[in-house]
Amino acid sequence: MMALGMDHGPWAACVARLRGRSHWASVLFGFVMALAGTNAAHAGHELDGRDLVAGKTLYADNCAACHGADLEGAPDWQVPDENGVLPAPPHDETGHTWHHSNVQNFDYTKLGGAKIVERMGLSSFTSGMPGFEGQLTDDEIWNILAFIHSNWPEDIQALHQTRNPPHE
């Protein structure tokens, strides 16, 4: 994966406006835009054919402690804690996971929030999301994401597919 390189190109003005701001929604917007610039392959079908049973087990073992056994997220997940860190968001249809592409969700899970925020050059946002690189294989991360996706209502799944450009 290439470096995000957000100091030039179409995202430079957006990132410049975000630097130094403390409003978490602006940071999350910047995160989404930054990951849209990665050169990893995207498509809705990255989740097709995944092992949902393994994904469910892996989610329970690695994600549920923060994101909830039923994908419900932490209470008051939109309100930063005393250290300015947002609690873990839900992965059900009430959260924002489905707003992001498969690759964005994969990168955030693999690399962790701190690495993504650092690559964006933002100092006003602290992510509590750990990276799972070295703990989970790429296939295990995809299985978790497929499990999460499989729990969304059909209309949310259809909306999520629009976040994933097809392979050429």
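Calculation criteria
- The numbering scheme is per chain: residues are counted from 1 as the chain's sequence reads.
- Owing to the predicted nature of the model, reporting of local features is limited to residues with pLDDT of at least 70; listing and counting of side-chain atom pairs is limited to 80 or more, with chain, interface and lining totals taken over all residues.
- The basis for every side-chain value is the complete set of non-hydrogen atoms in the structure, without hydrogens or water.
- The set of buried Ala, Val, Leu, Ile, Met, Phe, Trp, Tyr and Cys residues whose side-chain atoms join them within 4.5 Å is what this entry labels a nonpolar core.
- Each residue's exposure class comes from its accessible area (1.4 Å probe, protein chains only) as a fraction of the maximum for that residue type: buried when under 20%, exposed when over 50%, partly exposed otherwise.
- Helix and strand assignments come from DSSP, with helices taken as H or I runs of at least 4 residues and strands as E runs of at least 2, each series counted from the N terminus.
- Between two residues, a contact is recorded if the distance between any of their heavy atoms is within 4.5 Å.
- The method works on a 1 Å grid over the protein atoms by themselves. A cavity is a set of points holding a 1.4 Å probe that cannot get out, a pocket is an open set with protein on both sides within 12 Å along at least five of seven lines, and residues with an atom within 4 Å of a point line them.
- Grid points are joined across faces, edges and corners, and a volume is the space filled by probe spheres set on the points.
- Residues are sorted three ways: Asp, Glu, Lys and Arg are charged, Ala, Val, Leu, Ile, Met, Phe, Trp, Tyr, Cys and Pro are nonpolar, and all the rest, Gly among them, are polar.
- Whenever two N or O atoms come within 3.5 Å, that pair is a polar contact, provided that in protein one can donate a hydrogen and the other can accept it, and provided that, for residues adjacent in sequence, both atoms are side-chain atoms.
- One speaks of a salt bridge when a side-chain nitrogen belonging to Lys or Arg is within 4 Å of a carboxyl oxygen belonging to Asp or Glu.

I keep staring at the nonpolar core and nothing clicks. Help me out?
Generally speaking, soluble globular proteins have nonpolar side chains that are buried together. The biggest cluster of nonpolar side chains holds 28 residues, and the ones touching the most others in it are Tyr59, Leu136, Ile144, Leu145 and Ile148. Residue assignment for this core shows that the elements contributing at least two residues are helix H3 (52–62), helix H5 (102–111), helix H6 (113–120) and helix H7 (138–150). No other element matches the seven residues that H7 contributes to this core. Among residues more than four places away in sequence, those in contact with Leu145 are Leu47, Asn102, Asn105, Phe106 and Thr109.

When you look at empty space enclosed by the protein in this model, what are you seeing that I'm missing?
Over the atoms, a rolling probe the size of a water molecule traces out where space has been left empty. For the structure on display, the rule yields one cavity of 30 Å³ or more. Size it by volume and the largest cavity reaches roughly 50 Å³. Forming the boundary of the largest cavity are Leu47, Thr97, Asn102, Asn105, Leu145, Ile148, His149, Trp152 and His160. In terms of residue count, H7 provides more of the lining of the largest cavity than any other element does, three residues in total. Grouping the amino acids of the lining of the largest cavity by side-chain chemistry returns four nonpolar, five polar and no charged.

In this structure, what is going on with the side chain of His100? I would like to understand it.
You can see His100 is positioned in the loop between helix H4 (64–67) and H5. Residue classification places His100 among the buried positions, given a relative accessible area of 9%. One polar contact links His100 to His96, side chain to side chain, over a distance of 3.1 Å.

It is not clear to me how the pattern of salt bridges should be interpreted in this structure. Could you clarify?
Close approach of charged atoms allows side chains with opposite charge to pair. On inspection of all chains with the given rule, the structure shows two salt bridges. Note that Asp139 is salt-bridged to Arg50, the shortest N-O span being 3.0 Å. One end of the pair, Asp139, is in helix H7; the other, Arg50, is in the loop between helix H2 (24–36) and H3, and 89 residues separate them in sequence. Note on Arg50: relative accessible area 25%, which makes it partly exposed. The partner of Asp138 in a salt bridge is Lys110, with the nearest N and O atoms 2.9 Å apart. Residue Asp138 is located in helix H7, and its partner Lys110 is located in helix H5; the two are separated by 28 residues in the primary sequence. A residue is classified by how much of its surface remains accessible, and Lys110, at 19% relative accessible area, is buried.

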